Every structure is written in C-alpha cells, then in structure tokens.
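Read off the chains here:
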Amino acid sequence: MSAATLNADDDTLEPTLQSIIDQKSLRWIFVGGKGGVGKTTTSCSLAIQMAKHRRSVLLISTDPAHNLSDAFSQKFGKDARLINGFTNLSAMEIDPNGSIQDLLAAGGESAEEAMAATGGMGSMMQDLAFSIPGVDEAMSFAEVLKQVKSLDYEVIIFDTAPTGHTLRFLQFPTVMEKALAKISQLSTQFGPMLNSVIGARGGLPGGQNLDDMLSKMESLRETIAEVNGQFKNADMTTFVCVCIPEFLSLYETERMIQELASYEIDTHAIVVNQLLFPKKSNPCEQCNSRRKMQKKYLEQIEELYDEFNVVKMPLLVEEVRGKEKLESFSEMLVKPYQPPE
C-alpha cells in the first residue's frame, strides 16, 4: 500500500487526495463505486487537479451512461479530445460492449469483411470468445490499450462503470489470456485446413493469412500482460473508491476493496460524497436527522479504513456541471472542506 500523507500535528491520515497527486510515478488511476455516488464528478475533479501537476492527462469513461459529456457540457467519443479550456487534459468515452470482431479485423477493412473472409472460422472464434465471462469488458479495454499506446499521456484516469462491471473490467488480462489461448488452440487444430480455405478465397483483408492474424493477437496478449504487471504495481496504479454515507454504499465499498486486494490492485483513498453539514441553528428536522445517520456511517468508514485517506465532500445546493463548478469542487479534494458554523 502506498504511503499516505500524514498531518504533522497528530500523525493521522490527511483527508485529501494530495498524496495521489504528489505520487509522480502513478500512470493508471481508477475511480469506482456503486451507481449514483458521484464517481464521474470525482474523476473529473481529480483529473482537473492532476492536470495542474502533470504534462498530460487522459480521462476515460467506460460507463455506458457516458457522463463525461454531461459533466463538461462537451461531446466526447471514442477518440481522445482536448477538454475546452485546458491544454493538457483530454477525455474519451468508450462503449464497454466491445466486439471481438474489432480484434479480428485486419488492415483497414471492416470487421464484417474480415469475418466473411474467414468463413465459418470467424463466427466460430467469435462464439468461442464470447463464451468466456467478462470478454465484453476485456475487449473494450483492449480497444483502450490500442489508443493509449499510440498516444503519449503521463496519467490515465478511468471513470468506471458501477462496481460489478468495474471488478470484471479489472480481470480483463486473465480473460483475454484465456480467450487468446482458446483461439490459438483452435488454430493449431484446424490451422492448415483454414489457411488453405482462406488462401482459396484470396486471403484475409489486407493480404494477411491466419498466421498474421494470430501473430497480431499474440502481440495484443503481450501488451495485456505488460499492463497487467503495471496494474499490480502500487507505484504505477491506484484505485480511488467513491461512496456515500449509507449502508448499501458502505457494503459495496467493502466488497470492492476486498476484491481489489485479491487482484493485487492498490487502494488507499475513499471519497465520501453528499455529506450534509447543516448549521447548528438549522431547525430542519430532516436535515439534522439525516446528518445524524450520516455521522454513524462516516464513523464506521473511518474505523474500518483507518489506514486510508478518507476525503469528505459536501452535498452542494446545485449540480456540479461545467468547467467552473468542477474546478471549484476539485479544490475540495485537496483542501479539506470547512463546514459553516
């Protein structure tokens, strides 16, 4: 686990994400949690802060809801695009339902043409690959890797889909290894026959044969293995858990932290969103009752995760949308929020 920032006064963990921003060796940062807890606002805010200290930052959404476009009021797609008002912060949104066909497509031809050229082999490989749980997420990550490898970003921040999808997403290297091993086994059995069939049809698009395609897939497997190694390196990768002070969110966070440990992925920061800080003179019964409940869960979080940076973020009176509001919110990730008296 990475060393967390300490307060000089009392040796308690500093309740900010400053230690993550100061960790210059970090390359991959995942932001995740249960749906509706403020993952996108947190990931956008962290990216804004990170962009102040790094040469170039890429923010990627793997959530089908595509909230980055809404957060910044700017349309993003599957290609990285500079966020308006920034010179070193880009964003992209990818569809987590990636297709194995994209992997098998060769040259500049379409995936459908590649499949047609391989005859029944294409659909066999597709059926085989999709029989492996989690391959959809794995394929979308393979697509991201192709993009990221061709671009030169110092830090990549992932705004992930809700917890279950995220945890499968992080298993992608193992899933892809299995898929590629199965396809390789199939090609060993039927390779010579398939090569002759493909040859008779004029070869694969781009003039490739089956061996070329398998070589391409082996190259991808090596890239995946390399990134998998980086994910398990606490100097290069960390996961920021986002939650709200309620039972279901706390339960989900605990499950996620346990699974991240089993994947050997470092996590040492929790952002608790939507905290109420009613003034002492506030007569609102609901506000004070809710705050009392929140304090109970906040105490449980601090007791359970005493080795974590627990960052407390307030519930604001308006939505955090647009560059200015996100910048203002992002300041609270590095300077603890001071509630009104």
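Residues numbered from 1 in each chain as written. Predicted model: local features only at pLDDT ≥ 70, side-chain atom pairs only at ≥ 80, totals over all residues. Heavy atoms only, no water.

An unreviewed UniProt entry lists the protein under the name Golgi to ER traffic- protein, from Cryomyces antarcticus. According to the UniProt record, the Subunit (unreviewed entry) comment for the protein is "Homodimer." The annotation that UniProt attaches to the protein under Sequence similarities (unreviewed entry) is "Belongs to the arsA ATPase family." (UniProt positions renumbered as here; feature names shortened; annotations may be inferred.)

Caption draft 1: Inspection of the overall build of the protein at higher detail. In terms of regular secondary structure, the protein is built from 13 helices and eight strands. Here the protein, with 341 residues, has 50% of them falling under the buried criterion. Considering only residue pairs separated by 6 or more positions, the protein has 76% of its internal contacts joining residues 24 or more positions apart. Carbon and sulfur atoms make up 50% of the accessible area of the protein, which totals about 15,800 Å². (Helix = DSSP H or I, 4+ residues; strand = E, 2+ residues; numbered from the N terminus. Buried < 20%, exposed > 50% of the residue type's maximum accessible area, 1.4 Å probe, protein only. Contact = heavy atoms within 4.5 Å. Areas by Shrake-Rupley, 256 points an atom, 1.4 Å probe, with all protein chains shown as cover.)

Caption draft 2: View of the pairing of strand 1 (residues 28–32). A large share of strand 1 lies buried, amounting to five of its five residues. Residues of strand 1 alternate between two faces, with Trp28, Phe30 and Gly32 on one and Ile29 and Val31 on the opposite face, all of them buried. Bridge analysis of strand 1 against strand 5 (residues 155–159) gives four bridges, and the strand direction is parallel. Residue isoleucine 29 lies in a different strand from strand 5, and its bridge partner there is isoleucine 157. Pairing of strand 1 with strand 6 (residues 237–243) involves five bridges; the strand directions are parallel. The partner of valine 31 across the bridge, within strand 6, is valine 240. (Pairing = 2+ DSSP bridges.)

Caption draft 3: Molecular detail of the packing of aromatic side chains. This model, assessed by the stated rule, comprises nine aromatic pairs. Three or more aromatic residues link up through ring pairs in this structure, and these residues are Trp28, Phe30, Phe158, Phe231 and Phe239. In this arrangement the basic side chain of arginine 27 is found over the ring face of tryptophan 28, its NZ or CZ atom lying 5.2 Å from the centre. For the cation-ring pair, lysine 323 lies above phenylalanine 86, with the distance from its terminal atom to the ring centre recorded as 5.0 Å. (Phe/Tyr/Trp six-rings, centres within 6.5 Å; stacked < 30°, edge-to-face > 60°. Lys NZ or Arg CZ within 6 Å of the ring centre and 35° of its normal.)

Caption draft 4: Structural detail: the side chain of glutamine 23. Along the polypeptide, glutamine 23 turns up in the loop between helix 1 (18–22) and strand 1. Polar contacts involving the side chain of glutamine 23 include one to the main-chain carbonyl oxygen of aspartate 235, which spans 3.4 Å. (Polar contact = N/O pair within 3.5 Å; in protein donor to acceptor, adjacent residues only side chain to side chain.)

Caption draft 5: Seen up close, the side chain of serine 330. With respect to the helices and strands, serine 330 occurs in helix 13 (residues 323–334). Taking relative accessible area as the criterion, serine 330 reaches 0% and is therefore assigned buried. In this structure the side chain of serine 330 is engaged in a polar contact, spanning 2.7 Å, whose partner is the backbone oxygen of glutamate 327.

Caption draft 6: Representation of the environment of phenylalanine 86 in the model. Along the chain, the position of phenylalanine 86 falls in the loop between strand 3 (81–82) and strand 4 (89–93). Exposure remark for phenylalanine 86: the relative accessible area of 13% places this residue in the buried category. When the C-alpha positions of phenylalanine 86 and alanine 51 are compared, they lie 8.6 Å apart, and in sequence the two are 35 residues distant.

Caption draft 7: Just helix 2 (residues 39–51), in detail. Counted at 1.5 Å a residue, the expected span for helix 2 with its 13 residues is 18 Å, and the 18 Å between its end C-alpha atoms agrees. Most of helix 2 sits out of view: twelve of its 13 residues are buried. Those residues of helix 2 not exposed but buried are Lys39, Thr40, Thr42, Ser43, Cys44, Ser45, Leu46, Ala47, Ile48, Gln49, Met50 and Ala51. (Expected span 1.5 Å × (residues − 1).)

Caption draft 8: Spatial organisation of the environment of lysine 323. You can see lysine 323 is positioned in helix 13. Owing to a relative accessible area of 22%, lysine 323 belongs among the partly exposed residues under this scheme. Counting along the chain gives 240 residues from lysine 323 to isoleucine 83, while the straight-line C-alpha distance between them is 9.1 Å. Every residue in contact with lysine 323, bar those within four places of it in the chain, is listed here: Asn84, Gly85 and Phe86.

Caption draft 9: Seen up close, the pattern of salt bridges. Within the structure shown, the criterion is met by ten salt bridges. We note a salt bridge from arginine 255 to glutamate 259, for which the minimum N-O separation is 3.7 Å. Of the two residues, arginine 255 and glutamate 259 both sit in helix 11 (residues 247–262), four residues apart, roughly one turn of that helix. With a shortest N-O distance of 3.1 Å, lysine 323 and glutamate 327 are connected by a salt bridge. With a gap of four residues between them, lysine 323 and glutamate 327 both fall in helix 13, about one helical turn apart. When salt bridges that share partners are traced, they join Lys52, Glu331 and Lys335 into one network. (Salt bridge = Lys/Arg side-chain N within 4 Å of Asp/Glu carboxyl O.)

Caption draft 10: Focus on the confidence of the model for the protein. Residues with a pLDDT of 70 or more make up 64% of the protein, whose mean pLDDT is 77. No element of the protein has a lower mean pLDDT than helix 5 (residues 111–117), at 44, and none a higher one than helix 2, at 96. Contacts for the low-pLDDT stretch residues 103–121, under 50 throughout, to residues beyond four places or in other chains number 43 contacts. (pLDDT = per-residue confidence, 0-100.)

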